Structure formats: structure tokens, C-alpha cells
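Residues per chain are reported as follows:
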Amino acid sequence: MAGAQVGEDTIAWAVADLDRDLARQVAEANDVPRVYGDYRELLADDEVEAVGVATAPDVRKPMVIEALEAGKHVLVQKPHGRNTADVEEINAVAASTGKTLVYSYFMRHQAENKESRQMIADGRIGRAYHARVHYHYRERGANYEPSPGRSWLYRWGFKGGALGQHGSHYLDQAWFLLGCPQPEWAFAVSHSAFPTTLEVERHSEDYMSFLVGCAGGMTIQMDTSSVISTWADRAWDLRLRVLGTNGTIEVESTSLPEGKRRSGTRRLLGAIHDEGGDSAGGFVEHGDGDFNAEIRDFASAIRGAQPPEVSPAEALTFMKLLDAIYASAETGAKVQIDN
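Residues numbered from 1 in each chain as written. Predicted model: local features only at pLDDT ≥ 70, side-chain atom pairs only at ≥ 80, totals over all residues. Heavy atoms only, no water.

## Section: the pattern of salt bridges
Here comes step 1: Across all of its chains, the model carries 17 salt bridges by this definition.
Here comes step 2: A salt bridge links Glu89 to Lys61; its shortest N-O distance comes to 2.9 Å. Placement of Glu89 in helix 5 (residues 84-97) and of Lys61 in helix 4 (residues 57-69) is noted, with a sequence separation of 28 residues between them.
Here comes step 3: With a closest N to O distance of 3.6 Å, Arg202 and Glu330 form a salt bridge. Here Arg202, found in the loop between strand 7 (183-191) and strand 8 (207-214), pairs with Glu330, found in helix 9 (residues 312-331); they are 128 residues apart in sequence, far enough to count as distant.
Here comes step 4: The partly exposed category is assigned to Arg202, whose relative accessible area is 32%.
Here comes step 5: On the basis of relative accessible area, Glu330 is assigned to the partly exposed category, the value being 49%.
Here comes step 6: Residues joined by salt bridges that share partners form a network here, namely Lys61, Arg82, Asp86 and Glu89. (Salt bridge = Lys/Arg side-chain N within 4 Å of Asp/Glu carboxyl O. Helix = DSSP H or I, 4+ residues; strand = E, 2+ residues; numbered from the N terminus. Buried < 20%, exposed > 50% of the residue type's maximum accessible area, 1.4 Å probe, protein only.)

Here is the structure:
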């Protein structure tokens, strides 16, 4: 909402939520003139040209499709759907309507991630061959109860667990830094050790570990967890490293007590082969992702000024990757990814 307000060519015009009081609060806090209960009322507003859809994935697909068919351009938040079939259907409708469809992974908009990706593409760390990610997010423990309307986070198959809801941002970041090579296979293991009292067929994962193989021999290894840590003062802990034949690029971000955080990017050139290594770029502070830039990217794509940061085709490829990881975790077998 704030991103639309600060953009040079966007205006936050309306907000819709079944909880009209909540919608009104959001509208008042952001100076939005119109409030709707049912999202269909918003789609019927001819003065609305583009919409952002950030609902739960079990109800997201029909909303996105109806928005496209109503003649609106659409920005889809993650998880982009429940599975590959959802994204394929959404992409097909967008193609038939001619409307702009943009998917979200906001870490791509951070300036230092763009810079790091360019350094890798320019060969500053030699030939990049592997990315390794550890991401811990403090969220759940025994008998954890989700707030109303968020039970999808704890149901297997809705992309709401440790990987789908949080870790997928950093899997996409690693993939993005490597240049988005075509994924070819996945091998994974998961645990659901801390279920809620929700009566579900299978709980979403509290922990996921996997290895992904990509074209050109590149690999991505990730360990992600949403289990409450003994570090009570830490809400998250990220370590991401891209390995090259001449060095590495590292990203780290850790929350600390009293709202403080240690966050930044270290670029180490020659760190693998040269004892001690030479530093290039040092320590660069970074934030949580540029949501305002996400809206600017959406507006630019609508105008045709530049392609979106996450295109429909790329979103489909990434969902195929996620589906393969989850399928491997279910079966215990290596899963090939259909290109």
C-alpha cells in the first residue's frame, strides 16, 4: 500500500477485505479513498487499473483469474499458488486477456542483491558453481495455534511451512544470484515435529533440507527451519553463500535483542585459494526487501518500460522447483524437474 502511494505514477485507490473494519483501518492509515468488503466490488470499480493479491493460496487463484478477466493488471504475492497447475492456469488467463501479470519475490529488488548478481555474472568470483543457504525463522513450537484465517500455514500442500512461507524467499535469492539456471532435479527431507492441534491430514513442515541440481552443473543446498530456537532473542538467522572458483559472496542477516539486527553482505574475492582472501566491497548494510521497488517494477512492466523482475515464465519454473522439493520430501526419492 505504501509503495503505491510513494510511486510517481501509482495511486493506492481502494482496499478490499471481508473484515471491512480492518479494511477501513488500513485505508485510513494509508489515505486510501475507497473501501470494499467483497473483492468483487473492487474489481467492478472502473477506476481501478491494477491490483495486488496477497490472500491465502487456497483462495488466491480464482481471485487472480477474476481480476485478469475484469481487465486489471495483477501483482501476485508469494506463495504464487498451491502448485504448478495453479500458476500454469493463471499464466494462461493472463496471456488470453493481454493484461500484465507480475509475480513477487521482493529480495530481488534489494540494491545489494542486484549488485552481487552482477558481480557473479561478471566473473568476479570466477565460475559460480554452488549456493548454500541456512535460514532459521522462529515461529512455532509444540501445540502452536495459528491465528484465525491462517490455518493454511500448517497444512501440507499449501506452501505454508518452513520452506514455502519463509525459506522460499532465500531459495529464490540464491537462484537469482546464480542467474536463475534451469533447475533439473531435487532431493529433499522434511520433518513436521511440532504439529498444532489442527485436525489435518498432514502438517506442513517445520524443517526442510534439500539439494537442487541446475543446468551447467550448478547446485543449491538449503537448510530451513521455523522451529522456536533456544536463542529467544532471535527472530531469524540467515547465512547465504555463493561459491565460485576464485572466491565467494556471502550474505548474512540476524535479528538481535531489543529490535537490533546484524545485517549485511560480505564480498570475499580469492577467499578460497588465497590464504586470508582479499575483500571487495566489505560489509554493506541491507534491509528486508524493497517493497516500494516492487510496486515501481509492477508499474514499469504495465507501461512496457521493462520486463518484470519475476516474469510469469520464471514464476512457473520456480513453482516447479518447489513442487519437486516437496515431492522428494514426501517420497524420499530424487525428483526430476520437467522443463
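## Considerations on the pairing of strand 8
Here comes step 1: Here strand 7 runs beside strand 8; their pairing, made up of eight bridges, is antiparallel. Bridge pairing in strand 8 places Pro183 opposite Cys214.
Here comes step 2: As paired elements, strand 8 and strand 9 (residues 219-227) share seven bridges and run antiparallel to each other. The residue bridging Leu211 from the neighbouring strand is Gln221, located in strand 9.
Here comes step 3: The turn linking strand 8 back onto strand 9 is made up of four residues, and Gly216 within it adopts a positive phi angle of 80°. (Pairing = 2+ DSSP bridges.)

## Structural notes on the sheet that holds strand 4 (residues 73-76)
Here comes step 1: Pairing is parallel in the open sheet, where three strands are placed in the order 3-4-5. Both edges of this open sheet fall to strand 3 (50-53) and strand 5 (101-103), since each of them pairs with a single strand only. Mean inter-strand twist for the sheet, computed between neighbouring axes without regard to direction, equals 15°.
Here comes step 2: Its contacts with the sheet put helix 4 on strand 3, strand 4 and strand 5, and the angle it makes with strand 4 is roughly 160°. (Axes fitted to C-alpha atoms, helices over the stretch in contact; angles between N-to-C directions. Contact = heavy atoms within 4.5 Å.)

## Some thoughts on the nonpolar core
Here comes step 1: Within the largest apolar cluster, 69 residues are counted, with the highest numbers of intra-cluster contacts made by Val74, Leu163, Leu171, Phe210, Ile220, Val242 and Ile325.
Here comes step 2: Broken down by element, the residue count for this core peaks at 10 residues, all from helix 9.
Here comes step 3: Once residues lying within four places of it in the same chain are set aside, the contact partners of Val74 are Val51, Val53, Val64, Ala67, Leu68, Thr100, Leu101, Val102 and Phe298. (Core = buried A, V, L, I, M, F, W, Y, C linked by side-chain atoms within 4.5 Å.)

## So, helix 4
Every α-helix carries 3.6 residues per turn, so stepping three or four residues along brings you back to the same face.
Here comes step 1: Taking 1.5 Å per residue as the helical rise, helix 4 with its 13 residues ought to reach 18 Å, and the 19 Å between its terminal C-alpha atoms agrees with that figure.
Here comes step 2: Taken together, the buried positions of helix 4 are occupied by Pro57, Arg60, Lys61, Met63, Val64, Ile65, Ala67 and Leu68.
Here comes step 3: Summarising the contacts, the buried residues of helix 4 are in contact with helix 3 (39-43), strand 3, strand 4, helix 5 and strand 5.
Here comes step 4: Positioned one or two residues after helix 4, Gly71 has a phi angle of 85°, which is positive. (Expected span 1.5 Å × (residues − 1).)

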